[in-house]
Amino acid sequence: MRRRDERARLPLRKSLLGRLLTVSALVASCSVAATAWLAVQTTSGAIRQEQGQNLSADAEIYNTLLGYAATHPGWEGVDDTVRKLAGKSQRRIVLTTQDKRPLFDSSDDSNGTSSTAAPLPPQASAVVDPLSVDTVLVPDTASAGADRVDPRAVGPFLLPAQERTLLRKASADSAECLGAAGIAADIVESPSGRSRVQFVSSETDRSMETKCLASYASGPTPTERKALRALNQLTDACLKRQGRTGVKLNLDLSWDRGYGSGGTDTGLPAALPTTGLSKEEADAQQRAAEQKAVEEKAALARASKEKATDDGRVPAARSSKHDRAIAACVGSARREQLTSYVAAPALLFIDSTDAAAGVPGFDLSPANTARIAGVTALVLALTVGASVIAGARLVRPLHALTGAAQRMRDGMDSAPVPVGSDNEIGRLAAAFNDMAAHRARLEEQRKVMVSDVAHELRTPLSNIRGWLEAAQDGLAEPDPAFVSSLHEEAVQLQHIVDDLQDLGAADVGALRLHLEPVRVDDLLGQVTAAHQGLAETAGVTLAVSAAPPDAPPPPLLDADPVRLRQAMSNLVSNAVRHTPSGGRVTLRSYVTDSGDQVAMEVSDTGSGLPADDVPHVFDRFWRAEKSRNRSTGGSGLGLAIVLKLAEAHGGTASVVSTEGQGSVFTLWLPVTRDETASTGPEDGTEGTARDRGVPGARETPGQP
């Protein structure tokens, strides 16, 4: 019987498709995640580096132009400075007034002719104003002070050469004195030109430091006193507008604090950039004048107290708001004083030099670009490697199957293919092994069948040849017995050829059936009558088992009566042949419990079959008696024809046998559902025959 694989379909998680999808999704996810992470890290670092480089270049451009504005009253002559900055940074630099009237554009040629450069961005990169420094772009923002005035903007405090020489000599003498005492000091010059002493180390001898600085202290020069008086007047005017008393500014822009309506105290610094004095020099001057300041403060305090007593009020110290007001006025006065000495505020535009400058973004350096490409190549290599490994594991069993199939094609014996896990490939390997085993069995059966066919045909042919040669040699007379013997052998040959032809037609689906309604009881009666003489000769009782009186009549079968009689005749003749004298062969029919099949049964009380032989009884040329003696059996094709005829009718055949007790062969045929088919026999008319088979196939009559 045909084997069928009843195993259920694999779930997706165990199937090859599911594994391929899982591996693909995993590899793709890991590749995308790794590529994205590495690209983000690399690109972010590259962009930060590019941004840092651009910001550093922008800060340098801004600081340079800011220094120019702090030391020049206008923007005339800034051309060379801007061109140098543009050439160094490879950027386009444009200066305009605050209402965006162009002052200078680095993209213009040397003759001042305007080029067809891209339009300016809508927003300026910065405002170049030395009186209001951008604390983001200037690295040394702390030196600008709280009023954000560039320390290079000194204005009237700029010293002439003669005064610079004198101050530098005094600072050199102080540094020499400190050096003799073992204190390292350098001389630095402020933007105004005033020289000052700067200590190398903060750990110094304070007494020697004070002595050297006080001995060579230099007060304000005439230029500084003049500028300081003008600044003091502007500050006092600002304070007067607020209803406050004026102050006296020192060279470091600190002031004297007054108590009550008059008097002064040691001034507090205005938190503004100095105009020339170093901290050390200022401290030395203050310590030198400390005694005098204390005496003056005491005198002023007494005078203030007396005046307050006369007025009946208690004196009060200046509040922090007063100091803040003074600082604000000092800052505004300083900007007012410097306005005529510095350039007017200008808008600074820094842009790319190419025409596509309006598109935002960054040009990554070659090193960063190579790094990104290298990381991407590494991720792709890992992805390809993982895919190759996974693909090799999936393809390896397919290669084994291909090699085994090619060996089978070449006629070589193929070892079973290893069966792996329970997936599509594992099941394919198992099915291939089953197919190979089945093919080997079929090949063996083919060889046996060829041998059996040769044996079956050789015996009658040898007999016919022997009788003919004997007649030819005059050893036998061609009498009626001689002719009858030859005829018997010819009939045997015809019988074998007809059986082989029937099997061949059934194998290719060309066995034509003439279907018509058939009564099972009538058919069993006909078969019994046809074999009654054979049974009596063998001493075997052959009969049809009667149905119970209350049993319903069996339904009609839609079958070919000739082919059906041929099948039943083969079963009956086989049963009679294997039943000893005194035995019994019984035919009966019945309807199955489900009502959709009719069973026609042939049972005997013969020798039966061993259990190992039962699965092979329907094989071609199979015989229980291996010697293939003609007296003990037929050609071995009868039962194979029975199975093929039953299958041609849509049914099957089965056998149940017990060795030493007998066998039961059964044909299982489907019940006819066409109710109109039963009307013919009831009224004595013949039903219309219907053919079933392959068109064009010729009918082969069966053996009754």
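None of the values given here were measured: they were computed from a predicted structure.

## What about the sheet that holds strand β12 (residues 652-658)?
Read from one edge to the other, the open sheet built from 5 strands follows the order β8-β10-β11-β13-β12, with strand pairing classed as mixed. For this open sheet the edge positions go to β8 (541-544) and β12, each flanked by a neighbour on one side alone. Averaged over neighbouring strand pairs, the angle between their axes works out to 15 degrees when direction is ignored. Across 7 bridges, β12 lies against strand β13 (residues 662-670) in antiparallel orientation. Residue pairing for β13: S657 is matched across the bridge by S663. Along the sheet, helix α12 (residues 520-530) contacts β8, β10 (584-591) and β11 (597-604); its crossing angle with β10, the most-contacted strand, is approximately 165 degrees. Contacts from helix α15 (residues 638-648) reach β12 and β13 within the one sheet, and its direction differs from that of β12 by about 140 degrees.

## Some thoughts on helix α8 (residues 320-338)
In this model α8 runs 27 Å from its N-terminal to its C-terminal C-alpha over 19 residues, within 8% of the 27 Å that 1.5 Å per residue would give. Those residues of α8 lying buried are H322, D323, A325, I326, C329, V330, G331, A333, R334, Q337 and L338. Looking at the buried side of α8, the elements it contacts are α5 (222-241).

## So, the sheet that holds strand β6 (residues 346-352)
Sheet strands associate in pairs through backbone hydrogen bonding, adopting either a parallel or an antiparallel arrangement. One open sheet accounts for 4 strands, arranged β2-β1-β6-β3; its pairing is antiparallel. Among the strands making up the open sheet, the edge pair consists of β2 (102-105) and β3 (126-128). Averaged over all adjacent pairs, the angle separating strand axes in this sheet is 25 degrees, with direction ignored. Direction of pairing for strand β1 (residues 91-96) relative to β6: antiparallel, over a ladder of 6 bridges.

## Details of the nonpolar core
One finds M568, L587, M600 and L667 to be the most contacted residues of the largest nonpolar core, which totals 40 residues. Of all elements in the fold, only α12, β9 (557-559), α14 (561-577), β10, β11, α15, β12 and β13 reach the threshold of two or more residues within this core.

## Side note on the pattern of salt bridges
Any two side chains of opposite charge can pair if their charged atoms end up close together. The full count for this structure, using the stated rule, is 10 salt bridges. A salt bridge links E189 to R164, with the shortest nitrogen-to-oxygen separation between them at 3.9 Å. One end of the pair, E189, is in strand β4 (residues 185-189); the other, R164, is in helix α3 (residues 161-180), with 25 residues separating them in the sequence. In this structure, E601 engages R588 in a salt bridge whose closest nitrogen and oxygen atoms are separated by 2.9 Å.

## Digging into the packing of α12 against α14
The packing of two helices is summarised by the inter-axis angle and the distance between the axes. Relative to each other, α12 and α14 sit at 50 degrees, their axes nearing to 10 Å. In terms of their interaxial angle, α12 and α14 are classed as oblique. As for how α12 packs across α14, the hand of that crossing is right-handed. Note on element contacts: α14 touches α12 through P561, L564, R565, M568, S569 and V572, opposite L523, L524, Q526 and V527. Counted by class, the contact of α12 with α14 contains 7 nonpolar, 2 polar and 1 charged residues.

Definitions and cut-offs
Residues numbered from 1 in each chain as written. Predicted model: local features only at pLDDT ≥ 70, side-chain atom pairs only at ≥ 80, totals over all residues. Heavy atoms only, no water. Pairing = 2+ DSSP bridges. Helix = DSSP H or I, 4+ residues; strand = E, 2+ residues; numbered from the N terminus. Axes fitted to C-alpha atoms, helices over the stretch in contact; angles between N-to-C directions. Contact = heavy atoms within 4.5 Å. Expected span 1.5 Å × (residues − 1). Buried < 20%, exposed > 50% of the residue type's maximum accessible area, 1.4 Å probe, protein only. Core = buried A, V, L, I, M, F, W, Y, C linked by side-chain atoms within 4.5 Å. Salt bridge = Lys/Arg side-chain N within 4 Å of Asp/Glu carboxyl O. Parallel < 35°, antiparallel > 145°, perpendicular 65-115°, else oblique. Left-handed = near helix turned anticlockwise from the far one by under 90°. Nonpolar A, V, L, I, M, F, W, Y, C, P; charged D, E, K, R; others polar.

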